[in-house]
Amino acid sequence: MSKSKNKGKKPQQNENKTEELEIKAEETVDTAVEVTDEEAAQEAEEMAEETAEETAEEAEAEIIEEAAVEAEADESGEDKEEKSEKAPEKETEPLVSAEESKANEEFRKLHFIEKCKKDPLIPVCVILAILALIVAGIYFMLPNATTPSMGMTLPEFQTRFNDGGVAQSLINNGVDFTFRAPEYVDSTTHPSVLGDKAVITANRAYADFFDGPFKYYSVGGVEGATRKSDGNLSYVRVYVQYGDEEFNTVWLYASNVICALYPDLTMYQAMDVAMKAMKEYDGDARFYVKGDYAFRLVAVKKAADGGGEIVYIVVDCVPKSILNESQIRENIDAMFETAASESVAETSAATT
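As the structure is a computational prediction, the values presented were derived from the model and not from experiment.

Trainee: Looking at this structure, how should I read the overall build of the protein?
Mentor: Counting secondary structure elements, the protein contains 10 helices and eight strands. Per-residue burial for the protein yields a buried fraction of 29% across its 352 residues. If you take every contact in the protein between residues at least 6 apart in sequence, the share linking residues at least 24 apart comes to 62%.

Trainee: Which parts of the structure should I look at to understand the pattern of salt bridges?
Mentor: When the charged atoms of two side chains with opposite charge come close together, those side chains can pair. Applying the stated rule across the entire model yields 11 salt bridges. The partner of Lys276 in a salt bridge is Glu330, with the nearest N and O atoms 3.6 Å apart. Residue Lys276 is found in helix H9 (residues 267-280), and its partner Glu330 is found in strand E8 (residues 328-331); the two are separated by 54 residues along the sequence. A residue is classified by how much of its surface remains accessible, and Glu330, at 22% relative accessible area, is partly exposed. Put simply, Glu223, Arg237, Arg296 and Asp316 are held in one network by salt bridges that share partners.

Trainee: It is not clear to me how the sheet that holds strand E7 (residues 309-319) should be interpreted in this structure. Could you clarify?
Mentor: Backbone-to-backbone hydrogen bonds pair the strands of a sheet. The strands run either parallel or antiparallel. One open sheet holds the eight strands; their spatial order is E1-E2-E3-E4-E7-E6-E5-E8, and the pairing between them is mixed. With one partner strand each, in any of the chains shown, strand E1 (183-185) and E8 form the two edges of the open sheet. Strand-to-strand, the axes of this sheet are offset by a mean angle of 30°, without reference to chain direction. Two strands pair when backbone bridges link them, and strand E2 (residues 207-213) and strand E3 (residues 220-227) are joined in this way by seven bridges, in the antiparallel orientation. When the sheet's bridge partners are listed, Phe209 is paired in E3 with Ala225. Packed on one face of the sheet, helix H6 (residues 154-162) meets E1, E2, E3, strand E4 (233-241) and strand E6 (293-303) and runs near 40° to E4. Across the sheet, H9 lies against strand E5 (287-290), E6 and E8, angled at about 50° from E6, the strand it touches most.

Trainee: How should I be thinking about H6 in this particular structure?
Mentor: Each turn of an α-helix holds 3.6 residues, which means side chains three or four residues apart point in the same direction. Looking at H6, one finds that the buried residues are Leu154, Phe157, Gln158, Phe161 and Asn162. All buried residues of H6 lie within an arc of 125° about the axis, which places them on one face of the element.

Trainee: Mind showing me how you'd approach the side chain of Arg227 here?
Mentor: Counting through the fold element by element, Arg227 comes out in strand E3. Given the relative accessible area of 9%, Arg227 is considered buried. Polar contacts involving the side chain of Arg227 include one to the main-chain carbonyl oxygen of Thr147, which spans 3.1 Å.

Definitions and cut-offs
- Residues numbered from 1 in each chain as written.
- Predicted model: local features only at pLDDT ≥ 70, side-chain atom pairs only at ≥ 80, totals over all residues.
- Heavy atoms only, no water.
- Helix = DSSP H or I, 4+ residues; strand = E, 2+ residues; numbered from the N terminus.
- Buried < 20%, exposed > 50% of the residue type's maximum accessible area, 1.4 Å probe, protein only.
- Contact = heavy atoms within 4.5 Å.
- Salt bridge = Lys/Arg side-chain N within 4 Å of Asp/Glu carboxyl O.
- Pairing = 2+ DSSP bridges.
- Axes fitted to C-alpha atoms, helices over the stretch in contact; angles between N-to-C directions.
- Arc of directions from axis to C-beta.
- Polar contact = N/O pair within 3.5 Å; in protein donor to acceptor, adjacent residues only side chain to side chain.

Given below as structure tokens:
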């Protein structure tokens, strides 16, 4: 508002001063005309013009200075008004009364049970927190508790099997019975090769099932289940078609599975264990155990596509931790300890 008022006044002041200068100039000219000497009149006229120009310049300079001073004053005034408008008013917080603070202090000193009696909301919150912990524990721990783990993934088992001593020895002789990564399947349309003879199964809600043939031979394949929570194997089974002329094939596959489960055994030790298990097989469904794993040999029959039946020998591998004593047939470590003691006795006898 102050700027608009000043803007309206300044032009009027300029006009008034210019009019006064013109009047003075005219008076000076009139007085100069009256002088008889023309040169004197011209000089007077020139002096009047110079005086008028100087006076006009001084007036303009004064007007500009006054306008600048007024503009600065107006801006500082507006800034102060804006700051005063923006400055928030401090709200006064209500003070806690002495009685309330004393009551709060006494409540803090009470025993937990006494606090619950005075405030029923406290035990309700505690019960809800406990229930939330129980539900979370069931949600995260139940899948792992109901679905066993072998502590290795399918790619790890595949690498162990394909790099096993028996498999590598056969590859060097031109025979490759390694397997590719099998595909995951629907367990309802691809039931296990063991059928009702399976001891370890997995819940479809917590596990994914896979099944696939060997890389170059259609005489068998590999199947099993992996946990959804961490991808670890729940169980794995290598099955090989059995026939009188194919006894050695089954024996070699079983030997290489043992190499995959127990890398600390040599190829020949694994072959000895597989031979022992096959000689002792009499339909006994119990497991041989060593370390964290257990395995057994199971014979099953399947209907052939062209009619008749096919017999498979299944090397069933599971975690040792889920077995009880009645499901264990023999500890392999004890077998090697007995063999080592017999070897020492034979050596000492020969030396004597």
